[in-house]
Amino acid sequence: EAQVTQNPRYLITVTGKKLTVTCSQNMNHEYMSWYRQDPGLGLRQIYYSMNVEVTDKGDVPEGYKVSRKEKRNFPLILESPSPNQTSLYFCASSLQSRSTGELFFGEGSRLTVL
Amino acid sequence: GQQLNQSPQSMFIQEGEDVSMNCTSSSIFNTWLWYKQDPGEGPVLLIALYKAGELTSNGRLTAQFGITRKDSFLNISASIPSDVGIYFCAGLPKRAGSYQLTFGKGTKLSVIP
């Protein structure tokens, strides 16, 4: 089954404790992206990757890092989480490196930073 | 980034009613898309529009790419309870080298049986 898999789905952590949210897709997609969803603000892009070893900042990259060492994986790293990073995070992928906008989303990872 | 104004923010409708929502921008977009997010799930693509004036249907859903390239509309006919969720418009701007999708803030739809 074609899918984008995120882990963990739910996480409660404390300020400053490094964490990684993994994202994996099995569709051989070139383009991958991370979004955060907050009430009243919709979906905002954090980082995106057009191919292996190619990443770029989205609209809200501060406090996050990403890497794209393999085509299928695009982990989101929070080096020193803060409470304002409490949010619902979505990973998404698209077939083409020049995204047509037709994204496949994961089921989301709800992160709470205390 | 780009700003998309999506309205209404929320709607409460009776089952069987038709629904309309829209999205506008001050900039020109090359692509408009509509996604739906069911409660507890990730967004799923409903309709993609690639040409100004294009009208596309997907079952009871119909979406249009505005002639000015600055707006798009989504209509749902004869709503049913499973239409409940958040509907997002999204657009790819008409800007060389720009592949960043911008999302509206969503329209939360509630259907009263």
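These numbers come from a predicted model, not from an experiment. (Residues numbered from 1 in each chain as written. Chains lettered and ligands numbered in written order. Predicted model: local features only at pLDDT ≥ 70, side-chain atom pairs only at ≥ 80, totals over all residues. Heavy atoms only, no water.)

A. Spotlight on the interface of chain B and chain A. Every contact between the two is made by 21 residues of chain B and, on the other side, 25 residues of chain A. Of the roughly 1,700 Å² buried at the junction of chain B and chain A (both faces included), carbon and sulfur atoms supply 53%. Taken together, chain B and chain A are joined by zero salt bridges. For the pair chain B and chain A, the number of links is four residue pairs in polar contact (both at pLDDT 80 or more). Counting only elements with at least two residues in the side of chain B that touches chain A, the list comes to β4 (29-37), β5 (44-49) and β9 (85-93) of chain B. Considering each element in turn, the side of chain B that touches chain A owes the most residues, four residues, to β4(B). Split into classes, the residues belonging to the side of chain B that touches chain A amount to 12 nonpolar, seven polar and two charged. (Contact = heavy atoms within 4.5 Å. Buried area = accessible area lost by both parts, 1.4 Å probe. Salt bridge = Lys/Arg side-chain N within 4 Å of Asp/Glu carboxyl O. Polar contact = N/O pair within 3.5 Å; in protein donor to acceptor, adjacent residues only side chain to side chain. Helix = DSSP H or I, 4+ residues; strand = E, 2+ residues; numbered from the N terminus. Nonpolar A, V, L, I, M, F, W, Y, C, P; charged D, E, K, R; others polar.)

B. Inspection of the sheet that holds strand β8 (residues 71-76) of chain B at higher detail. Residue and element names in this part refer to chain B. Read from one edge to the other, the open sheet built from five strands follows the order β1-β3-β8-β7-β6, with strand pairing classed as antiparallel. Each end of this open sheet is capped by a strand with a single partner; those strands are β1 (4-7) and β6 (55-58). Put simply, the sheet's adjacent strands are angled 15 degrees from each other on average, direction ignored. As paired strands, strand β3 (residues 19-25) and β8 are joined by six bridges and run antiparallel to one another. When the bridges of β8 are listed, Asn22 appears paired with Phe73. (Pairing = 2+ DSSP bridges. Axes fitted to C-alpha atoms, helices over the stretch in contact; angles between N-to-C directions.)

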